[in-house]
Amino acid sequence: MRLAETVTFGGSGLDRAATLRGQPERMEELLREGQILALWRGQVPVDSAAETGNADGLVWVPTGSPLLDHAGPPVFLCLDDGQPRFAADISAWQPPEAPPQPAGIFSAAALPHPALPASAAFHDLRAVMASLSPREAELAATAKAIIGWHASHGFCARCGTPSAMDQAGWRRLCPACGAQHFPRTDPVVIMVIERDGRLLLGRSPGWPEGMYSLLAGFVEPGETLEAAVRREVAEETGVAVGAVRYLASQPWPFPASLMLGAHGQATSEEITLDPAELEDAQWVTKDEMVTILAGRHPRIRPGRAGAIAYFLIRHWVADRLD
Ligand SMILES: [Zn+2]
């Protein structure tokens with residue numbers, strides 16, 4: 001797919017400067033001139049008044065900022081046009097008042113912080129991803145994924161001893177058995193399933209009213225992308241899929257997925273739902289999809305801008321999946 005990398009969180013040509021990760025003294029120098037993105041329980045600080053064109057901007061702070069008072073060790077992200085950038089976890093900070101509601105996939109609660117400008121707050125990345133520049137979206141996705149990995153991988157998976165951050169945050173080492181642990185990324189297939197010009201949409205139990213999306217599921221060990229597409233569609237809807245081709249990918253750090261967009265040709269039509277996975281599934285024509293995207297469909301609402309499902313659906317409607 002020619003437009004693949006224009007997806008949100010798509011590659012912006014970031015220089016991760018990975019060879020510097022193993023140079024602790026150089027890292028100390030870079031940190032002194034570096035800019036740091038603080039993440040609080042997976043949320044990112046965004047300033048809605050930032051001077052970044054039409055986009056909202058991430059809030060970056062230098063070492064010593066009071067925003068980093070509760071920060072864990074910094075993770076080196078990149079040299080961004082020569083500017084060293086890092087991420088650090090400040091989840092240990094306790095807000096003076098409980099957030100209005102837990103941040104979740106469909107909530108957009110924003111949390112202020114005394115060290116942030118009044119126009120800035122911590123947000124769920126999904127709530128702001130579509131308004132960030134491609135570079136900032138890539139940085140935020142990288143920071144959220146790697147910080148989240150450290151938060152949930154504090155112990156050696158081989159022997160259970162607490163492990164330690166290494167390689168400027170890109171590895172964990174076990175001091176007891178010497179095992180090395182690397183950040184993980186879990187592949188998920190998400191598919192445009194088509195038959196006679198119609199697209200297969202489904203909705204999971206518990207989704208907001210009217211929300212439908214492309215079918216998706218985790219790739220299992222020992223499985224190809226194509227096999228995962230056929231298995232997931234068959235399990236969830238009973239629809240058989242023949243030819244499958246890869247379209248585009250999207251890092252999806254909620255918490256650690258890589259979405260693999262695929263195009264599959266259905267060879268059967270009848271839908272038999274798996275009620276544990278899907279509440280409903282439907283075949284939708286291109287004309288109907290245009291109505292949905294315009295927000296004029298009586299039952300189905302358009303998906304979330306920035307998510308690869310929305311991206312693939314828009315390009316399917318416009319015949320741009322080639
Ligand atoms: Zn160990």
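Bear in mind the structure is a predicted one, so any value in this text is a computation, not a measurement.

(A) Structural detail: the packing of aromatic side chains. Applying the stated criterion across every chain, the model contains 4 aromatic pairs. Taken together, a centroid distance of 6.1 Å and an interplanar angle of 55° make the contact between F9 and W252 tilted. Of the two residues, F9 sits in the segment before helix 1 (24-32) while W252 sits in strand 13 (residues 241-252), which places them 243 residues apart along the sequence. The same class applies to F9 and to W252, which are both buried. Through a chain of ring-to-ring contacts, three or more aromatic side chains come together here, namely F9, W252 and F254. When the ring centre of W170 is taken as origin, the NZ or CZ atom of R21, which lies over that ring, is 4.1 Å away.

(B) The arrangement of the domain arrangement of the protein in detail. We note that the domain assignment places domain 1 (4-152), domain 2 (154-184) and domain 3 (186-317) within the protein. Relative placement of domain 1 and domain 3: their C-alpha centres are 30 Å apart. Taken together, the contact pairs 16 residues of domain 1 with 18 residues of domain 3. Between domain 1 and domain 3, roughly 1400 Å² of surface is buried when both sides are summed, and carbon and sulfur atoms account for 71% of that area. Counting across the interface, domain 1 meets domain 3 through 0 salt bridges. Put simply, domain 1 and domain 3 have 3 residue pairs in polar contact (both at pLDDT 80 or more) between them. At the level of secondary structure, the elements contributing two or more residues to the side of domain 1 that touches domain 3 comprise helix 2 (125-128) and helix 3 (134-152). Of the residues that constitute the side of domain 1 that touches domain 3, the class distribution is 11 nonpolar, 2 polar and 3 charged.

(C) Highlighting the sheet that holds strand 5 (residues 83-89). In space, the 3 strands of this open sheet follow the order 1-5-4, with mixed pairing throughout. Of all strands in the sheet, those bounded by a partner on one side alone are strand 1 (35-39) and strand 4 (75-80). Adjacent strand axes in the sheet meet at a mean angle of 25° when their direction is disregarded. When strand 1 meets strand 5, the two strands line up parallel, connected through 5 bridges.

Rules behind the numbers
- Residues numbered from 1 in each chain as written.
- Predicted model: local features only at pLDDT ≥ 70, side-chain atom pairs only at ≥ 80, totals over all residues.
- Heavy atoms only, no water.
- Phe/Tyr/Trp six-rings, centres within 6.5 Å; stacked < 30°, edge-to-face > 60°.
- Helix = DSSP H or I, 4+ residues; strand = E, 2+ residues; numbered from the N terminus.
- Buried < 20%, exposed > 50% of the residue type's maximum accessible area, 1.4 Å probe, protein only.
- Lys NZ or Arg CZ within 6 Å of the ring centre and 35° of its normal.
- Domains from an automatic or database assignment.
- Contact = heavy atoms within 4.5 Å.
- Buried area = accessible area lost by both parts, 1.4 Å probe.
- Salt bridge = Lys/Arg side-chain N within 4 Å of Asp/Glu carboxyl O.
- Polar contact = N/O pair within 3.5 Å; in protein donor to acceptor, adjacent residues only side chain to side chain.
- Nonpolar A, V, L, I, M, F, W, Y, C, P; charged D, E, K, R; others polar.
- Pairing = 2+ DSSP bridges.
- Axes fitted to C-alpha atoms, helices over the stretch in contact; angles between N-to-C directions.

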